[in-house]
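Structural features, examined
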Amino acid sequence: MQIKIINKSNHELPTYETLASAGMDLRANISESIILKPLDRTIVKTGLFIELPIGYEAQVRPRSGLAAKKGITVLNSPGTIDADYRGEIGVILVNLSNEDFTIENGERIAQLVIAKHERAEWFEVEELTETSRGAGGFGSTGVK
(Lines give C-alpha, C1' and ligand atoms only; values in the text may rest on other atoms or scores of the structure.)
Protein backbone atom coordinates (compact mmCIF):
# COMPACT_ATOMS: atom_id res chain seq x y z
CA MET A 1 0.00 0.00 0.00
CA GLN A 2 1.27 3.48 -0.82
CA ILE A 3 0.46 6.48 1.38
CA LYS A 4 1.14 10.08 0.43
CA ILE A 5 3.46 11.84 2.89
CA ILE A 6 5.04 15.28 3.22
CA ASN A 7 8.22 15.36 5.27
CA LYS A 8 9.04 18.83 6.64
CA SER A 9 11.45 17.41 9.22
CA ASN A 10 15.21 17.05 8.95
CA HIS A 11 14.86 13.29 9.42
CA GLU A 12 14.33 10.34 7.12
CA LEU A 13 10.85 8.96 6.57
CA PRO A 14 9.65 6.41 9.15
CA THR A 15 10.56 2.86 8.16
CA TYR A 16 9.86 -0.66 9.38
CA GLU A 17 12.94 -1.90 11.24
CA THR A 18 12.30 -5.57 10.43
CA LEU A 19 10.24 -7.53 7.92
CA ALA A 20 7.71 -8.45 10.64
CA SER A 21 7.45 -5.00 12.30
CA ALA A 22 3.92 -3.62 12.57
CA GLY A 23 5.02 -0.10 13.54
CA MET A 24 7.43 2.54 12.29
CA ASP A 25 9.25 4.87 14.67
CA LEU A 26 8.23 8.52 14.75
CA ARG A 27 10.96 11.06 15.54
CA ALA A 28 10.74 14.39 17.35
CA ASN A 29 11.11 17.36 15.01
CA ILE A 30 11.91 20.17 17.43
CA SER A 31 14.18 23.22 17.27
CA GLU A 32 15.29 22.88 20.89
CA SER A 33 15.21 20.17 23.55
CA ILE A 34 12.07 19.72 25.64
CA ILE A 35 12.39 18.84 29.33
CA LEU A 36 9.41 16.76 30.41
CA LYS A 37 9.10 16.84 34.19
CA PRO A 38 7.42 14.03 36.15
CA LEU A 39 3.67 13.85 35.36
CA ASP A 40 4.01 16.60 32.71
CA ARG A 41 2.69 16.12 29.21
CA THR A 42 3.45 17.83 25.92
CA ILE A 43 2.68 17.55 22.23
CA VAL A 44 5.82 16.76 20.24
CA LYS A 45 5.68 17.57 16.53
CA THR A 46 7.12 15.21 13.93
CA GLY A 47 7.21 17.33 10.76
CA LEU A 48 5.16 14.64 8.99
CA PHE A 49 1.85 15.08 7.17
CA ILE A 50 0.01 12.11 5.65
CA GLU A 51 -2.96 11.35 3.42
CA LEU A 52 -4.54 8.03 4.32
CA PRO A 53 -7.10 6.28 2.14
CA ILE A 54 -10.64 6.09 3.51
CA GLY A 55 -11.03 2.90 5.54
CA TYR A 56 -7.60 3.26 7.18
CA GLU A 57 -6.27 4.98 10.28
CA ALA A 58 -2.80 5.60 11.63
CA GLN A 59 -2.37 4.64 15.28
CA VAL A 60 0.24 6.48 17.37
CA ARG A 61 1.50 4.10 20.05
CA PRO A 62 4.16 4.18 22.77
CA ARG A 63 7.63 2.76 22.20
CA SER A 64 8.05 -0.13 24.62
CA GLY A 65 11.68 0.74 25.39
CA LEU A 66 10.85 4.33 26.39
CA ALA A 67 7.94 3.14 28.51
CA ALA A 68 9.86 0.37 30.29
CA LYS A 69 13.18 2.17 30.78
CA LYS A 70 12.12 5.81 31.20
CA GLY A 71 8.38 5.83 32.04
CA ILE A 72 7.57 7.84 28.89
CA THR A 73 4.36 6.90 27.10
CA VAL A 74 1.73 8.21 24.69
CA LEU A 75 -1.06 9.73 26.77
CA ASN A 76 -4.00 8.98 24.48
CA SER A 77 -2.74 5.57 23.49
CA PRO A 78 -3.33 4.67 20.83
CA GLY A 79 -3.81 8.08 19.29
CA THR A 80 -5.85 7.91 16.10
CA ILE A 81 -5.09 9.81 12.90
CA ASP A 82 -8.19 9.75 10.69
CA ALA A 83 -8.12 9.54 6.90
CA ASP A 84 -9.44 13.11 6.54
CA TYR A 85 -6.79 14.73 8.82
CA ARG A 86 -4.17 16.74 6.93
CA GLY A 87 -2.31 18.46 9.77
CA GLU A 88 1.09 17.68 11.19
CA ILE A 89 1.39 14.47 13.17
CA GLY A 90 1.89 15.33 16.84
CA VAL A 91 2.53 12.91 19.68
CA ILE A 92 1.13 13.55 23.18
CA LEU A 93 3.87 12.31 25.50
CA VAL A 94 3.59 12.01 29.28
CA ASN A 95 6.33 11.38 31.82
CA LEU A 96 5.12 8.81 34.35
CA SER A 97 8.52 8.51 36.02
CA ASN A 98 9.96 10.40 38.99
CA GLU A 99 12.75 11.96 36.94
CA ASP A 100 12.96 14.69 34.29
CA PHE A 101 13.17 13.37 30.72
CA THR A 102 14.80 15.38 27.94
CA ILE A 103 13.41 15.00 24.43
CA GLU A 104 16.01 15.75 21.76
CA ASN A 105 15.50 16.56 18.09
CA GLY A 106 15.44 13.30 16.10
CA GLU A 107 14.68 11.13 19.13
CA ARG A 108 12.40 8.15 18.47
CA ILE A 109 9.33 9.06 20.55
CA ALA A 110 6.51 6.77 19.39
CA GLN A 111 5.52 4.28 16.75
CA LEU A 112 3.01 4.58 13.94
CA VAL A 113 0.85 1.63 12.88
CA ILE A 114 -1.32 1.81 9.76
CA ALA A 115 -4.53 -0.17 10.28
CA LYS A 116 -7.65 -0.96 8.28
CA HIS A 117 -10.91 -0.36 10.13
CA GLU A 118 -14.61 -1.00 9.73
CA ARG A 119 -17.51 1.44 10.08
CA ALA A 120 -20.32 0.15 12.27
CA GLU A 121 -24.00 0.55 11.60
CA TRP A 122 -26.10 0.38 14.79
CA PHE A 123 -29.00 -2.06 14.85
CA GLU A 124 -31.15 -1.17 17.86
CA VAL A 125 -32.82 -4.09 19.68
CA GLU A 126 -34.59 -4.70 23.00
CA GLU A 127 -32.29 -7.51 24.19
CA LEU A 128 -28.96 -9.17 23.39
CA THR A 129 -28.09 -12.86 22.94
CA GLU A 130 -27.23 -14.57 26.24
CA THR A 131 -23.69 -15.86 26.87
CA SER A 132 -22.07 -17.71 29.76
CA ARG A 133 -20.14 -14.55 30.64
CA GLY A 134 -23.17 -12.29 30.62
CA ALA A 135 -22.52 -8.79 31.96
CA GLY A 136 -19.36 -9.76 33.86
CA GLY A 137 -16.40 -7.53 33.08
CA PHE A 138 -13.13 -6.23 34.47
CA GLY A 139 -11.63 -9.54 35.54
CA SER A 140 -14.89 -11.47 35.94
CA THR A 141 -13.76 -14.39 33.76
CA GLY A 142 -11.57 -15.69 36.60
CA VAL A 143 -8.36 -15.48 34.58
CA LYS A 144 -5.51 -14.32 36.81
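Here's a quick rundown of the structure. (Residues numbered from 1 in each chain as written. Predicted model: local features only at pLDDT ≥ 70, side-chain atom pairs only at ≥ 80, totals over all residues. Heavy atoms only, no water.)

**Topic: the layout of surface pockets**
- Of the pockets and cavities examined, the largest pocket occupies roughly 270 Å³.
- Lining the largest pocket are 13 residues, and of these Ile3, Ile5, Pro14, Met24 and Ile114 lie nearest its centre.
- At the level of elements, strand 5 (48-51) and strand 11 (108-116) are the ones that each hand at least two residues to the lining of the largest pocket.
- Residue composition of the lining of the largest pocket, grouped by class: 13 nonpolar, no polar and no charged. (1 Å grid on protein atoms, 1.4 Å probe; cavity = no way out; pocket = protein on both sides within 12 Å on 5 of 7 lines; lining within 4 Å. Points joined across faces, edges and corners; volume = space filled by probe spheres on them. Helix = DSSP H or I, 4+ residues; strand = E, 2+ residues; numbered from the N terminus. Nonpolar A, V, L, I, M, F, W, Y, C, P; charged D, E, K, R; others polar.)

**Quick notes on unusual backbone geometry**
- Residues Ser77 and Pro78 are joined by a peptide bond in cis, for which omega reads -10°.
- Topologically, Pro78 is positioned in the loop between strand 7 (72-74) and strand 8 (79-81).
- Unlike most non-glycine residues, Leu39 shows phi in positive territory, near 70°.

**Some details on the sheet that holds strand 8**
- Ordered by their spatial adjacency, four strands build an open sheet running 2-11-6-8, and the pairing between neighbours is antiparallel. In the strand order of this sheet, the two ends are held by strand 2 (24-27) and strand 8, each with one partner. When the angles between neighbouring strand axes are averaged without regard to direction, this sheet yields 35°.
- Alignment of strand 6 (residues 56-61) against strand 8, held across three bridges, turns out to be antiparallel. Paired with Val60 across the bridge in strand 8 is Gly79. (Pairing = 2+ DSSP bridges. Axes fitted to C-alpha atoms, helices over the stretch in contact; angles between N-to-C directions.)

**Focus: the sheet that holds strand 4 (residues 41-45)**
- Read across the open sheet, the three strands follow the order 4-9-7; overall the sheet is antiparallel. Unpaired on one side and paired on the other, strand 4 and strand 7 mark the two borders of the sheet. The average undirected angle you get between the axes of adjacent strands in this sheet is 35°.

**Side note on the pattern of salt bridges**
- Per the counting criterion, the structure on display carries five salt bridges.
- Across the pair Arg63 and Asp25 runs a salt bridge, and its minimum N-O distance is 3.5 Å. Of the two residues, Arg63 is situated in the loop between strand 6 and helix 1 (64-70) and Asp25 in strand 2; the sequence distance between them amounts to 38 residues. Neither residue differs from the other here; Arg63 and Asp25 are each classed as buried.
- When the shortest N-O distance is used, the salt bridge between Lys37 and Asp100 registers 3.3 Å. With Lys37 in the loop between strand 3 (34-36) and strand 4 and Asp100 in the loop between strand 9 (90-95) and strand 10 (101-103), the pair connects residues that are 63 residues apart, well separated along the chain.
- For Asp100, a relative accessible area of 45% corresponds to the partly exposed category.
- Each of Lys4, Glu51 and Arg86 takes part in salt bridges that share partners, so that together they form one network. (Salt bridge = Lys/Arg side-chain N within 4 Å of Asp/Glu carboxyl O. Buried < 20%, exposed > 50% of the residue type's maximum accessible area, 1.4 Å probe, protein only.)

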